[in-house]
Amino acid sequence: MSARHPIIVVTGSSGAGTTTVTRTFQQIFRREGVAAAIVEGDSFHRYDRREMRARVAEAQADPQSSFSHFGPDANLFEELDDLFRSYGETGGGRTRKYLHDVKEAEPYGQEPGTFTPWEEIEPGTDLLFYEGLHGCVRTERVDLSRHADLKIGVVPIVNLEWIQKIHRDRNMRGYSEEAIVDTILRRMPDYVKYICPQFSSTDVNFQRVPTVDTSNPFIARDIPTSDESMLVIRFARPKGIDFPYLLSMLKESFMTRPNTIVCPGDKMALAMQLIFTPMIWQLADRKKKAF
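So, how was this worked out
- Residues numbered from 1 in each chain as written.
- Predicted model: local features only at pLDDT ≥ 70, side-chain atom pairs only at ≥ 80, totals over all residues.
- Heavy atoms only, no water.
- Helix = DSSP H or I, 4+ residues; strand = E, 2+ residues; numbered from the N terminus.
- Rg over C-alpha atoms; globule rule 2.2 N^0.38 Å.
- Buried < 20%, exposed > 50% of the residue type's maximum accessible area, 1.4 Å probe, protein only.
- Contact = heavy atoms within 4.5 Å.
- Salt bridge = Lys/Arg side-chain N within 4 Å of Asp/Glu carboxyl O.
- Expected span 1.5 Å × (residues − 1).
- Polar contact = N/O pair within 3.5 Å; in protein donor to acceptor, adjacent residues only side chain to side chain.
- Pairing = 2+ DSSP bridges.
- Axes fitted to C-alpha atoms, helices over the stretch in contact; angles between N-to-C directions.
- Parallel < 35°, antiparallel > 145°, perpendicular 65-115°, else oblique.
- Left-handed = near helix turned anticlockwise from the far one by under 90°.
- Nonpolar A, V, L, I, M, F, W, Y, C, P; charged D, E, K, R; others polar.
- Core = buried A, V, L, I, M, F, W, Y, C linked by side-chain atoms within 4.5 Å.
- 1 Å grid on protein atoms, 1.4 Å probe; cavity = no way out; pocket = protein on both sides within 12 Å on 5 of 7 lines; lining within 4 Å.
- Points joined across faces, edges and corners; volume = space filled by probe spheres on them.

Draft legend 1. Quick look at the overall build of the chain. Each helix and strand in the chain was counted, giving eight helices and twelve strands. Relative to the 2.2 N^0.38 estimate, which gives 19 Å for 291 residues, the radius of gyration of the chain is 19 Å and therefore close to what a compact globule would have. When the backbone C-alpha atoms are referred to their principal axes, the chain occupies close to 55 × 45 × 40 Å. For the chain, with 291 residues in total, the buried portion stands at 48%. Within the chain, counting contacts between residues at least 6 apart in sequence, those at least 24 apart form 74% of the total.

Draft legend 2. Structural context of the pattern of salt bridges. Under the counting rule described, the total for this entry stands at ten salt bridges. Between arginine 146 and aspartate 81 there is a salt bridge; the shortest N-O distance is 3.8 Å. Here the residue arginine 146 occupies a position in the loop between strand 7 (127-132) and strand 8 (150-156), and aspartate 81 occupies one in helix 3 (residues 77-90), the gap between them amounting to 65 residues. A relative accessible area of 44% places arginine 146 in the partly exposed class. Two residues, arginine 85 and aspartate 82, come together in a salt bridge whose shortest N-O distance is 3.4 Å. Taken together, the residues arginine 85 and aspartate 82, both in helix 3 and three residues apart, mark about one turn of the helix. According to the relative accessible area criterion, arginine 85 is partly exposed, its value standing at 35%. On the accessibility criterion, aspartate 82 (39% relative accessible area) is partly exposed.

Draft legend 3. Focus on helix 2 (residues 49-61). An ideal rise of 1.5 Å per residue puts 18 Å on 13 residues; helix 2 measures up with 19 Å between its terminal C-alpha atoms. The N-capping residue of helix 2, defined by a side-chain oxygen 3.2 Å from the backbone nitrogen of arginine 50, is aspartate 48.

Draft legend 4. Main features of unusual backbone geometry. Even without being glycine, glutamate 252 reaches a positive phi, approximately 65°. When you line up the elements, glutamate 252 lands in the loop between helix 7 (243-249) and strand 11 (254-257). Note on glutamate 252: relative accessible area 59%, which makes it exposed.

Draft legend 5. Quick look at the pairing of strand 10 (residues 229-235). Among the seven residues of strand 10, five are classified as buried, and the element is accordingly described as predominantly covered. Direction of pairing for strand 9 (residues 204-210) relative to strand 10: antiparallel, over a ladder of seven bridges. Bridge assignment links valine 209 to a residue of strand 10, and that residue is methionine 230. Note: strand 10 against strand 12 (residues 260-264), five bridges, orientation antiparallel. If you follow methionine 230 over to strand 12, its bridge partner there is proline 264.

Draft legend 6. Focus on the packing of helix 1 (residues 18-32) against helix 8 (residues 268-290). The contact between helix 1 and helix 8 brings their axes to 10 Å, and the two run at 45°. Compared by their axis directions, helix 1 and helix 8 come out oblique. As helix 1 packs across helix 8, the resulting crossing turns out to be right-handed. For the pair formed by helix 1 and helix 8, the contact residues are Val21, Thr24, Phe25, Gln27, Ile28, Phe29, Arg31 and Glu32 on the first element and Met268, Ala269, Met272, Gln273, Phe276, Thr277, Ile280 and Trp281 on the second. Here the contact of helix 1 with helix 8 is built from residues that sort into ten nonpolar, four polar and two charged.

Draft legend 7. The pairing of strand 8, seen in detail. Of all seven residues in strand 8, seven are buried, a share of seventy percent or more. What you see with strand 8 is no split at all: Leu150, Ile152, Val154 and Pro156 on one side and Lys151, Gly153 and Val155 on the other are buried throughout. Sheet analysis places strand 1 (residues 7-12) next to strand 8, joined by five bridges and oriented parallel. Directly across from valine 9, in strand 8, lies its bridge partner lysine 151. Two strands pair when backbone bridges link them, and strand 8 and strand 9 are joined in this way by five bridges, in the parallel orientation. Paired with valine 155 across the bridge in strand 9 is glutamine 207.

Draft legend 8. View of the nonpolar core. Ranked by internal contacts, the top residues of the largest apolar core, which has 31 residues, are Ile8, Phe25, Ile152, Phe206, Ile233, Ile275 and Phe276. Top element by residues in this core is helix 8. It accounts for nine residues. With residues near it in sequence (within four places) discarded, phenylalanine 206 still touches Ile152, Gly153, Val154, Val155, Leu231, Val232, Ile233, Met268, Ala271, Met272, Ile275 and Phe276.

Draft legend 9. Quick peek at empty space enclosed by the protein. Under the defined criterion, the tally for this structure stands at two cavities of 30 Å³ or more. A volume near 40 Å³ is recorded for the largest cavity. Gly41, Phe44, Asn75, Leu76, Phe77, Leu80, Tyr130 and His134 together form the lining of the largest cavity. Among the residues forming the lining of the largest cavity, the class breakdown is five nonpolar, three polar and no charged. Put simply, the second largest cavity is a space of about 30 Å³. Counted by class, the lining of the second largest cavity contains two nonpolar, five polar and one charged residues.

Written out as C-alpha cells, the structure is:
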C-alpha cells in the first residue's frame with residue numbers, strides 16, 4: 001500500500017452499480033476539497049471497440065476459446081500495475097481515456113470506441129481513484145490489490161448480473177438467447193479466475209440482492225430495481241466501524257454478522273457517504289504525515 005500517495009479502487013462487474021459509486025465519490029471529493037485523478041478500467045482494455053468485436057467473433061468460432069473481456073488476453077494488467085505502483089510512489093503515472101460515445105469522442109476528434117493517446121496524470125492530485133473490472137486482480141505476473149489503500153467491491157448476485165446482461169444484449173444489441181448463453185458460458189472461466197477472487201481482498205463489499213424471484217434469469221421480464229433489492233455490506237475489518245451510527249442513519253437496516261450490515265437497496269449512495277467520508281479523511285491525514 002502507498003503511504004505518500006493514496007489509491008482507492010472500486011472493482012465490480014458491469015451493471016453492479018459502480019457508476020453510482022463513482023458519482024458518490026465525486027460528490028465526496030468535491031465536498032471535502034479532494035483533487036482526485038480518476039481512472040476508468042475501460043482505459044486499460046487491450047483492444048478498441050472494433051478490434052474487440054473481431055476478437056470476440058474469432059472466439060465464438062472456436063468452441064475451445066474462453067476469450068473474454070474479463071481476462072488478461074483482453075486487458076493491460078501490467079500497465080495498470082505500473083500506474084498503481086508509480087502513483088503510490090510518486091503521485092504520477094501514465095493513463096489514457098476510452099471514448100465510449102460521440103459526446104466523449106468529439107473533443108478529441110476521434111471515433112467512439114477508441115482510446116486517447118497515453119499521457120501523464122496531471123501533477124498535484126491528492127489521490128488516485130480507479131473504477132473498473134480489475135482493481136484488485138491477481139495473476140501470475142501482477143497483484144494489483146497490493147497497491148491500493150482502500151479497496152471496494154461492488155457486485156450483484158450472479159442471477160441478477162445475468163438478468164442485466166440478458167436484457168442489455170437482447171434489447172439493446174439484438175442478440176439471440178442462444179448467443180447470449182454462449183457468451184455467458186465462454187466468459188465463465190475468466191469470471192471465476194479473475195473477477196470473483198477480487199472480492200476476497202477488498203476492504204468493503206457491496207452486494208445487491210433482489211427480493212423478487214430471479215431463479216430463472218432467462219425468463220425475467222425486467223431487471224429488479226433498487227427498491228426491489230437489499231444491499232449487503234461486508235467489512236473485512238470491522239474494528240473501528242461505528243455500526244450503531246450506521247444502523248441509526250440507514251433506515252430499516254440491520255446486522256446479520258459482526259462484520260455485515262444489510263439495508264434497503266436504494267440507500268447505497270447514502271451508505272457510501274457515511275462509510276467512506278471518514279475513511280478519506282484518514283487517508284488525507286496519512287498523506288500529510290508522510291510528507
